[in-house]
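Architecture at a glance
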Amino acid sequence: MDADGQRIERRIEQARAKIAAARPDSAPSPLLIAVAKRHGAGAVAAASRCGIKDFGENYLQEAQAKDAALPALDCRWHMLGPLQSNKAAAAARLFSWVHSIDRAKTARRLGQARLDAGLDPMPCCVQVNLGAEATKAGVPPAGLGELLAELAAIDGVEARGLMCLPEAGLDPDGQRRRFGELAALRAEHRIAHPQLEELSMGMSADYEQAVRQGATMVRLGTVLFGPRPA
Ligand SMILES: *Cc1c(COP(=O)(O)O)cnc(C)c1O
């Protein structure tokens, strides 16, 4: 393994150790999704050699390029960024999960594309904008119930969890509060939607707090691959 590969391997081991230390005793280990966005296919290959099977990307084209560059790669691609409805067909085929659903219209296109391709319903997380940030995607907490009801009526997609991306720069208490809010929303809406099992929360700056609050999926970029190239 080359020096880059060894560095990535070491960082993955460190992240796994921190996740294990933060995990509540009764909780299963969260899924580690490696986010190699803006890094090349070599970073994905190196993480794959360390046993990572889940990779997140923000852009369909970038995921497609890496997938094409690594034909032997055994992985699931997770869509983390906004989905353009005109790319629903390609997204429906490439991705195993979409974490960024925040409106019914996109979900309808995606669901139709999954049905057209003869694939199982796309497992999705609904992105919740906890801090009501104007610059961020996501449904406000007050609109979550209505969106989940709409999604339940759409064939070809299945809402399986909630995702959040808290404000940058929160201290650990603030991070914990936000993740606790997402966990509480899941508990509330799981009564009507029992399949709402996942909490996709935690990035490089805050994943230990997310794991403490019961994250089932963490999405790590910088701590695994270093700063993103411009
Ligand atoms: C980029 C990104 C990540 C990874 O971010 P890091 O801070 O580098 O770990 C996780 N989730 C989403 C939605 C992202 O856009």
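Quantities reported herein were computed from a predicted structural model and do not represent experimental measurements. (Residues numbered from 1 in each chain as written. Predicted model: local features only at pLDDT ≥ 70, side-chain atom pairs only at ≥ 80, totals over all residues. Heavy atoms only, no water.)

It is possible for side chains of opposite charge to pair when their charged atoms get near one another. For the structure on display, the rule yields 11 salt bridges. Notably, a salt bridge pairs E62 with K66, separated by 2.9 Å at the nearest N-O pair. Of this pair, E62 and K66 both sit in helix α3 (residues 60-69), 4 residues apart, which is roughly one turn of that helix. For the pair E62 and K66, a shared accessibility class is recorded, and that class is buried. (Salt bridge = Lys/Arg side-chain N within 4 Å of Asp/Glu carboxyl O. Helix = DSSP H or I, 4+ residues; strand = E, 2+ residues; numbered from the N terminus. Buried < 20%, exposed > 50% of the residue type's maximum accessible area, 1.4 Å probe, protein only.)

Note that soluble globular proteins tend to have their nonpolar side chains buried in a common cluster. Formed by 67 residues in total, the largest nonpolar core has its most connected members in W77, F95, L110 and V126. If you tally residues by element for this core, the top one is helix α2 (residues 41-49), at 6 residues. Residues contacting W77, with those up to four places away along its chain left out, are V44, F55, E57, A63, K66, D67, L94, F95, S96 and W97. Counting residues in hydrophobic clusters, the runner-up holds 5 residues, among them I33, W97, C125 and M163. (Core = buried A, V, L, I, M, F, W, Y, C linked by side-chain atoms within 4.5 Å. Contact = heavy atoms within 4.5 Å.)

To continue, consider unusual backbone geometry. For R38, which is not a glycine, the phi torsion comes out positive at approximately 70°. Structurally, R38 can be placed in the loop between β1 (31-35) and α2. Unusually for a residue other than glycine, A132 sits at a positive phi of about 50°. With respect to the element layout, A132 can be found in the loop between β5 (122-127) and α6 (144-152).

One way to put it is that helix α5 (residues 104-116) packs onto α6 with a least axis distance of 10 Å and a crossing angle of 20°. Classified by the interaxial angle, the pair formed by α5 and α6 is roughly parallel. As for how α5 packs across α6, the hand of that crossing is right-handed. Here A104, A107 and R108 of α5 come into contact with α6, specifically with L147, E150 and L151. By residue class, the composition of the contact of α5 with α6 is 4 nonpolar, no polar and 2 charged. (Axes fitted to C-alpha atoms, helices over the stretch in contact; angles between N-to-C directions. Parallel < 35°, antiparallel > 145°, perpendicular 65-115°, else oblique. Left-handed = near helix turned anticlockwise from the far one by under 90°. Nonpolar A, V, L, I, M, F, W, Y, C, P; charged D, E, K, R; others polar.)

Attention shifts here to the site of the ligand. The full set close to the ligand counts 13 residues, and K37, S204, G221, T222 and R228 are the nearest of them. Residue R219 places a side-chain N or O atom 2.9 Å away from a nitrogen atom belonging to the ligand. If the ligand stood free it would expose 390 Å²; the protein chains cover 91% of that surface. For the shell around the ligand, the class distribution of residues is 6 nonpolar, 4 polar and 3 charged. (Near = heavy atom within 4 Å. Polar contact = N/O pair within 3.5 Å; in protein donor to acceptor, adjacent residues only side chain to side chain. Areas by Shrake-Rupley, 256 points an atom, 1.4 Å probe, with all protein chains shown as cover.)

Take the UniProt feature "modified residue: N6-(pyridoxal phosphate)lysine" (unreviewed entry) in the protein next. Here the UniProt-annotated "modified residue: N6-(pyridoxal phosphate)lysine" (unreviewed entry) positions come out as K37. Sequence-distant contacts of K37, that is, excluding residues within four places in its chain, are made with E57, N58, E62, K66 and R228. (UniProt positions renumbered as here; feature names shortened; annotations may be inferred.)

Turning next to the environment of K18. When you line up the elements, K18 lands in helix α1 (residues 3-22). Considered as a pair, K18 and E208 are 190 residues apart in the sequence and their alpha carbons are 6.9 Å apart.

Taking 1.5 Å per residue as the helical rise, helix α7 (residues 172-189) with its 18 residues ought to reach 26 Å, and the 26 Å between its terminal C-alpha atoms agrees with that figure. Those residues of α7 not exposed but buried are G174, Q175, R178, F179, L182, A183, L185, R186 and H189. (Expected span 1.5 Å × (residues − 1).)

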